[in-house]
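# Observations on the model geometry
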Amino acid sequence: MADLADLVSRLEAVTVRLEKCAAGGGGKASAADDDDDFDTVEAITEFKAVMDKADEVLKASENLPNDVHEISKLLKVVCEKNKEFLRVSVRAKACLPADAPVVMKPMNDAITQIGEYRDKNRASRQFNHLSAVSEAIPAFGWVCVAPRPLDYMAEMIGASDFYINRILKDFKDTPGHKEWCQKIKQMFSTLKEYVANNHKKGVTWNPNGGDAKEVAAKIYGGGAAPKAPAAPRAPPSAPAPPPPPPAGAKPKGAAAPATSNLFAEINKGADITKGLKKVTDAQKTHKNPELRGSSVVTEAALNKNKKAAAPAKKAAEPAKKPPKLQLVGKKWSCEYQSGVQDIVIDAQVTQSLYVFKCDNSVITVKGKINSITLDNCKKCGIIVDSLVASMDIVNSQSVKLQVNDKAPIVNIDKTDGCQVFVQKATGLDTEFVTAKSSEVNICLVEENGEYAESFVAEQFLTKYVDGKFVTELYEVVG
């Protein structure tokens, strides 16, 4: 029935155009009529299915908390901006790379608003609802991907499945949430189906169309195409150089050296010594001991012309930076913490944590996190429930790590003093990679809390055996 309705609407549009042509004496339809005909092509009419699904999402959110309803309205806006962009694409040639930011700006701004709304409402009980939309909304960026936008869309849409499953689990007894999740999945599935049918290898432009930037200005309601920003003014000219000195003037302090006199003295040969005064026996100290007392050079005389040595300047201490604990995108940053023993982070499986230049602090990570990096820290402790990827400890001193569940791999590099606690029940599969590190101990914790400590070797012995060098642990006996 939907296909039949679309066909009827297209036939009505053609009929109206033919009637206008007949009324004008069989002449060509006006430019406005031609422009309206672009909205009847399949690339535009089939997008109506996506808009209908967005309306269903908005309707399903009416009885849910306000923040869910608001982000549903923002999702509808993104669909509308996507449709406006498609109206540009059927009227214009492929836009130049330099014009792409202008042509795609309304849709990009709408997508950005969803991410900003999610970040402003992190304390909301419906944060998983906001994240489900925020993680999937980059799928509308298919307009920038060629020649395989469908693979990109599948990856973006799949990122929201984690949050949708959390919603279904946390609100299974609350009516309305399950229906909203179903409508979200249906809308993105419809969008993907639309792209597969109309833009399988990227946005389909009109090879006979106009300039994309000018068409976008008309569609978006801006009139003429936006002008390029005015060129900046040239800086004021430098002052004119001073006039040259008058001819024949000699520069100050530049007396010519008397080289002629010097060469004349040298050319005298042996006669050059005739001008020297002869030292008599009465003036020689080795023949007159009474002269020796007057020839002693005192320390005061030595230091007379010496300037007092300036005291050495102390190296300036590096400026102390303020502590920071914040989440940017999917990355937690914990930096410059000192003496803080109660830092707690509620992590998610897609997030990571970077700890930098912390001192005498303890950080507790609740939940499952993707990865943790400890860089340039001293006397710090990390307590983590579970890791998806790796735990990296770099350039640190006297640090401790406790894993309550699982950690696939622990990398320790350029670290002096590291104690790692893993559970015997769940941590036996953990792999440890060490390099340029010392005093590394691994503690296997029993269920009763007791643990057995093992060290990681630091010294190795390399020998030439059977035509090759063989390296083995170096054991000191004695």
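Since the model is a prediction, treat every value here as computed from it, not as a measurement. (Residues numbered from 1 in each chain as written. Predicted model: local features only at pLDDT ≥ 70, side-chain atom pairs only at ≥ 80, totals over all residues. Heavy atoms only, no water.)

### Overview of unusual backbone geometry
What counts is decided by this rule: Helix numbering and strand numbering both begin at the N terminus, where a helix is a DSSP run of H or I of at least 4 residues and a strand a DSSP run of E of at least 2. Any residue under 20% of the maximum accessible area for its type is buried, any over 50% is exposed, and the rest in between are partly exposed; the area is computed with a 1.4 Å probe on protein chains only.
Geometrically, the link from alanine 146 to proline 147 is a cis peptide bond, its omega value of 10° lying close to zero. By the secondary structure assignment, proline 147 is in the loop between helix H8 (127-136) and helix H9 (149-158). Positive phi is not limited to glycine here, since lysine 379 has a value of about 50°. Among the secondary structure elements, lysine 379 is positioned in the loop between strand E6 (371-375) and strand E7 (381-387). Residue lysine 379 is classed as exposed on the basis of its relative accessible area, which comes to 57%. Its identity is not glycine, yet glutamate 439 carries a phi of approximately 55°, on the positive side. Along the chain, glutamate 439 falls in strand E13 (residues 438-445). Exposure remark for glutamate 439: the relative accessible area of 54% places this residue in the exposed category.

### Thoughts on the confidence of the model for the chain
Threshold: Residue-level confidence of the predictor, termed pLDDT, takes values from 0 up to 100. Any two residues whose heavy atoms approach within 4.5 Å are treated as being in contact.
Averaged over all residues, the pLDDT of the chain equals 82, while 76% of them reach at least 70. Segment residues 223-240 is flagged for pLDDT under 50; beyond a separation of four residues in sequence, or across chains, it makes nine contacts in the model.

### Considerations on the pattern of salt bridges
The test is simple: Salt-bridge detection follows one rule: a side-chain nitrogen of Lys or Arg within 4 Å of a carboxyl oxygen of Asp or Glu.
Counted according to the given criterion, the structure contains 17 salt bridges. Between aspartate 151 and arginine 148 there is a salt bridge, with the nearest N and O atoms lying 2.6 Å from each other. Each of Arg118, Asp119, Arg122, Glu135 and Lys330 takes part in one network of salt bridges that share partners.

### Considerations on the sheet that holds E7
Whether parallel or antiparallel, the strands of a sheet pair through hydrogen bonds between backbone atoms. We count it as follows: Any two strands with at least two DSSP-identified bridges between them are counted as paired. To define axes, lines are fitted to C-alpha atoms, for helices over the stretch in contact only, and angles between the resulting N-to-C directions are given on a 0 to 180 degree scale.
Strand order across the open sheet formed by seven strands is E3-E5-E7-E9-E11-E13-E14, with mixed pairing between neighbours. Two strands bound the open sheet, and with one partner strand each, they are strand E3 (343-346) and strand E14 (451-455). For this sheet the average axis-to-axis angle between neighbouring strands, irrespective of direction, equals 15°. Where E7 lies against strand E9 (residues 397-403), four bridges are found, and the strand directions are parallel. Looking at E9, one finds that isoleucine 383 is bridged to glutamine 402.

### Let's talk about the packing of helix H5 (residues 66-89) against helix H11 (residues 177-198)
Formally: The cut-offs work like this: below 35 degrees is roughly parallel, past 145 is roughly antiparallel, 65 to 115 is roughly perpendicular, and the gaps in between are oblique. Amino acids are sorted into nonpolar (Ala, Val, Leu, Ile, Met, Phe, Trp, Tyr, Cys and Pro), charged (Asp, Glu, Lys and Arg) and polar (every other residue, Gly among them).
In contact at an axis separation of 13 Å, H5 and H11 are set at 10° when each is read in the N-to-C sense. As summarised for this structure, H5 and H11 are arranged roughly parallel, according to the angle between their axes. Only Trp180, Ile184, Met187, Phe188, Leu191 and Tyr194 of H11 make contact with H5, whose side of the interface consists of Val68, Ser72, Leu75, Cys79, Asn82 and Leu86. When grouped by side-chain class, the residues that make up the contact of H5 with H11 number 10 nonpolar, two polar and no charged.

### Concerning the packing of aromatic side chains
Selection rule: Aromatic rings from Phe, Tyr and Trp, taking only the six-membered ring of Trp, are treated as a pair when their centres fall within 6.5 Å; an angle between ring planes under 30 degrees marks them as stacked, one over 60 as edge-to-face, and anything in between as tilted.
Using the criterion set out here, one finds eight aromatic pairs in the structure. When the ring of phenylalanine 162 is compared with that of tyrosine 163, the centres are 5.1 Å apart and the planes differ by 85°; the resulting orientation is edge-to-face. We classify tyrosine 163 as buried; its relative accessible area is 2%. A centroid spacing of 5.4 Å and a plane angle of 85° characterise the contact between phenylalanine 421 and tyrosine 451, whose relative ring orientation is edge-to-face.

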